[in-house]
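One-letter residues, chain by chain:
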Amino acid sequence: MSVPSRLPEPYAQGGGANLADILERVLDKGIVIAGDIRINLLDIELLTVKLRLVVASVDKAKEMGIDWWEDDPGLSTRARRDELARENAELRARLARLEELAPARAPQDVREESP
């Protein structure tokens, strides 16, 4: 005599397709989970933690105006190149200002001071 299990089969027929359908729908439509945690003591707010979670496909996120990863140098090679180019331009400008402030010296003066 076998006792039927009350737990669902982990690999039941159609279970994978249902999960795939749910995941596809969530990524296609997007889902937002939001919550706030506030700690008050005698009506004085001590701590507020705001939690926001957005699960969506990249295309859906861009459609919603969420594209922060494109400007993050840690996630985007274009953003990293842009940051390096900006830093390079700033350093060149600083070097040019320093060269303007330094007294003009002839190349032979520099060679004579070298040991």
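Residues numbered from 1 in each chain as written. Predicted model: local features only at pLDDT ≥ 70, side-chain atom pairs only at ≥ 80, totals over all residues. Heavy atoms only, no water.

Chemist: Would you mind going over the overall build of the chain in detail, with residue names and values included?
Modeler: Along the chain, the regular secondary structure elements total four helices and two strands. Each helix (α) and strand (β) of the chain, taken in turn from the N terminus, gives the series α-β-β-α-α-α. Here the chain, with 115 residues, has 3% of them falling under the buried criterion. In the chain, 20% of the contacts between residues at least 6 apart in sequence involve partners at least 24 apart. Carbon and sulfur atoms make up 57% of the accessible area of the chain, which amounts to about 10,800 Å² in all. (Helix = DSSP H or I, 4+ residues; strand = E, 2+ residues; numbered from the N terminus. Buried < 20%, exposed > 50% of the residue type's maximum accessible area, 1.4 Å probe, protein only. Contact = heavy atoms within 4.5 Å. Areas by Shrake-Rupley, 256 points an atom, 1.4 Å probe, with all protein chains shown as cover.)

Chemist: If you had to explain the pattern of salt bridges to someone new, which residues and values would you point to?
Modeler: Applying the stated criterion across every chain yields a total of six salt bridges. The partner of Lys 60 in a salt bridge is Glu 63, with the nearest N and O atoms 3.2 Å apart. Linking Lys 60 with Glu 63, this pair stays in helix α2 (residues 58-63), spanning three residues, or about one helical turn. The exposure class assigned to Glu 63 is exposed, which follows from its relative accessible area of 61%. (Salt bridge = Lys/Arg side-chain N within 4 Å of Asp/Glu carboxyl O.)

Chemist: I'd like a rundown of helix α3 (residues 77-101), residues and numbers included.
Modeler: The terminal C-alpha atoms of α3 lie 36 Å apart, and with 25 residues this matches the ideal 36 Å at 1.5 Å per residue to within 8%. Capping of α3 at its N-terminal end is provided by Ser 76; its side-chain oxygen lies 3.4 Å from the backbone amide nitrogen of Arg 78. (Expected span 1.5 Å × (residues − 1). Polar contact = N/O pair within 3.5 Å; in protein donor to acceptor, adjacent residues only side chain to side chain.)

Chemist: Could you give me a rundown of unusual backbone geometry, with the residues and numbers involved?
Modeler: One non-glycine residue, Leu 42, lies in positive phi territory at about 55°. Along the chain, Leu 42 falls in the loop between β1 (31-41) and β2 (44-55). The exposure class assigned to Leu 42 is exposed, which follows from its relative accessible area of 77%. Look at Asp 43: it is not a glycine, yet its phi comes out positive at around 60°. Here Asp 43 shows up in the loop between β1 and β2. Of the residues examined, Asp 43 reaches a relative accessible area of 80% and is grouped as exposed.

Chemist: How would you explain the side chain of Ser 76 if you had to name every residue and give the values?
Modeler: Looking at the element boundaries, Ser 76 is found in the loop between α2 and α3. Apart from the residues lying within four places of it in its own chain, the contact partners of Ser 76 are Trp 69 and Glu 70.

Chemist: Can you break down the confidence of the model for the chain residue by residue, with the values?
Modeler: Caution applies to low-pLDDT parts of the model: their predicted coordinates are not meant to be read in detail. This prediction gives the chain a mean pLDDT of 79; 75% of its residues lie at or above 70. The secondary-structure element of the chain with the lowest mean pLDDT is helix α4 (residues 107-113), recorded at 59, while α3 shows the highest, at 92. (pLDDT = per-residue confidence, 0-100.)

Chemist: Quick rundown of the environment of Glu 83? Include the residues and the values.
Modeler: With respect to the helices and strands, the residue Glu 83 is situated in helix α3. For the pair Glu 83 and Pro 73, spaced ten residues apart in sequence, the C-alpha to C-alpha distance is 7.2 Å.

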